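Notes for the structure review
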Amino acid sequence: SFSEVINSDFLSFRRAVTMFACVAVVGPANNPLFIQTYRSDNVITGMQEDPIKFHYILHCSLDAFEEKASLKKARGSNDSYLGLLYPTEDYKVYGYLTSTQVKLILVTHTFNAKEASVRQVFESLHSAYIDAISNPFYMPGKKIESKAFEKKVDAIVSSAAV
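Within each chain, residue numbers correspond to sequence positions counted from 1 in written order. Under the rules for a predicted model, residues below a pLDDT of 70 receive no local features and side-chain atom pairs below 80 are neither given nor counted, while totals for whole chains, interfaces and linings still include all residues. Side-chain figures throughout are based on the complete set of non-hydrogen atoms in the structure, without hydrogens or water.

What follows concerns unusual backbone geometry. Positioned with a positive phi, asparagine 30 is a non-glycine residue whose angle comes to about 60 degrees. Residue position: asparagine 30 is located in the loop between strand S2 (20-26) and strand S3 (32-38). Residues other than glycine seldom take positive phi values, yet glutamine 101 does so here, at roughly 70 degrees. Helical segments are the DSSP runs of H or I of at least four residues, strand segments are the runs of E of at least two, and each set is numbered from the N terminus. As for its position among the elements, glutamine 101 is in the loop between strand S5 (92-97) and strand S6 (103-108). Relative accessible area decides the class of each residue, using a 1.4 Å probe on protein chains only: under 20% of the type maximum gives buried, over 50% gives exposed, and in between gives partly exposed. Given a relative accessible area of 41%, glutamine 101 falls into the partly exposed group.

What follows concerns the pattern of salt bridges. For salt bridges, the criterion is a side-chain nitrogen of Lys or Arg within 4 Å of an Asp or Glu carboxyl oxygen. Under the defined criterion, the tally for this structure stands at six salt bridges. Between glutamate 66 and lysine 103 there is a salt bridge whose closest N-O contact spans 3.9 Å. Of this pair, glutamate 66 sits in helix H1 (residues 51-74) while lysine 103 sits in strand S6, and the two are 37 residues apart along the sequence. A residue is classified by how much of its surface remains accessible, and glutamate 66, at 42% relative accessible area, is partly exposed. In this structure lysine 103 comes out as buried when scored by relative accessible area, which is 3%.

With that settled, the discussion passes to the packing of aromatic side chains. Two measures describe an aromatic ring pair: the distance that separates the ring centres and the angle between the ring planes. What counts as a ring pair is set by centres within 6.5 Å for rings of Phe, Tyr and Trp (its six-membered ring), and what kind of pair is set by the plane angle: stacked under 30 degrees, edge-to-face over 60, tilted for all other angles. Tallied over the full model, the rule gives four aromatic pairs. For the pair phenylalanine 34 and phenylalanine 149, a centre-to-centre distance of 4.8 Å together with 75 degrees between the ring planes defines the contact as edge-to-face. With phenylalanine 34 in strand S3 and phenylalanine 149 in helix H3 (residues 147-158), the pair connects residues that are 115 residues apart, well separated along the chain. Three or more aromatic residues link up through ring pairs in this structure, and these residues are Tyr81, Tyr96 and Phe122.

Let us now look at the nonpolar core. Put simply, buried Ala, Val, Leu, Ile, Met, Phe, Trp, Tyr and Cys residues joined by side-chain atoms within 4.5 Å make one nonpolar core. Leu106 and Phe149 are the most contacted members of the largest nonpolar core, which totals 28 residues. Secondary structure elements with two or more residues in this core: S2, S3, S5, S6, helix H2 (115-133) and H3. Among the elements that line this core, the one with the most residues is H2, at seven residues. Only heavy atoms matter for contacts: two residues are in contact if any of them lie within 4.5 Å across the pair. With sequence-adjacent residues up to four places away left out, phenylalanine 149 is seen in contact with Val25, Phe34, Ala128, Tyr129, Ala132 and Ile144. Ala69, Leu85, Leu97 and Val107 belong to the second largest nonpolar core, which has 20 residues in total.

This next bit is on H1. What a helix should span is 1.5 Å times the count of its residues minus one. Taking 1.5 Å per residue as the helical rise, H1 with its 24 residues ought to reach 34 Å, and the 35 Å between its terminal C-alpha atoms agrees with that figure. Bend is computed residue by residue as the angle between axes fitted to the seven residues ending at the residue and the seven residues starting at it. Most pronounced at leucine 62, the bend in H1 amounts to some 25 degrees. Buried within H1 we find Pro51, Phe54, His55, Ile57, Leu58, Ser61, Leu62, Ala64, Phe65, Ala69 and Lys72. Of the residues trailing H1, glycine 76 is marked for its positive phi of about 85 degrees.

For the rest of this paragraph, the subject is the environment of serine 159. Note that serine 159 resides in the segment after H3. Separated by 38 residues in the primary sequence, serine 159 and valine 121 have C-alpha atoms spaced 9.1 Å apart.

Take H2 next. In a regular helix each residue adds 1.5 Å, so 19 residues correspond to 27 Å; H2 covers 27 Å between its end C-alpha atoms and thus fits that length. Residues Ser117, Val118, Val121, Phe122, Leu125, His126, Ala128, Tyr129 and Ala132 constitute the buried set of H2. Looking at the packing, one finds that the buried side of H2 touches S2, S3, strand S4 (81-87), S5, S6 and H3.

The structure is reproduced here in structure tokens:
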């Protein structure tokens, strides 16, 4: 479950300057497969955010995910990009649902993020995810511990246009 994975070796924290505060891959059963947080200072206090806060934000986004996905399905859309799931006081949360029901989640602290840029990041993340799970040593449904995947995610996020 989501709360079981809050441990120091799973929560990797990056100091990259990026428009994204957090990237997550969540399995079909809402099990977290990968969570990467980036340095994020609270806009109001100026203090660095606790990476655990993002687990809460990600957990809350799962309800919005289900709602957006069912609306898209009802309209007959098969677009994986769900767009803005919900805004918080400090962040915006975006979602992407793969054909295998794996959820890709981006948390951004840039309130004027361009939809095209966010969509492009999701498409790159989806491609990196496919590469990671195509590894014959990857156990389906388990946490993604690949350093190569981690580096790809960092590169995608850090090169994203604001």
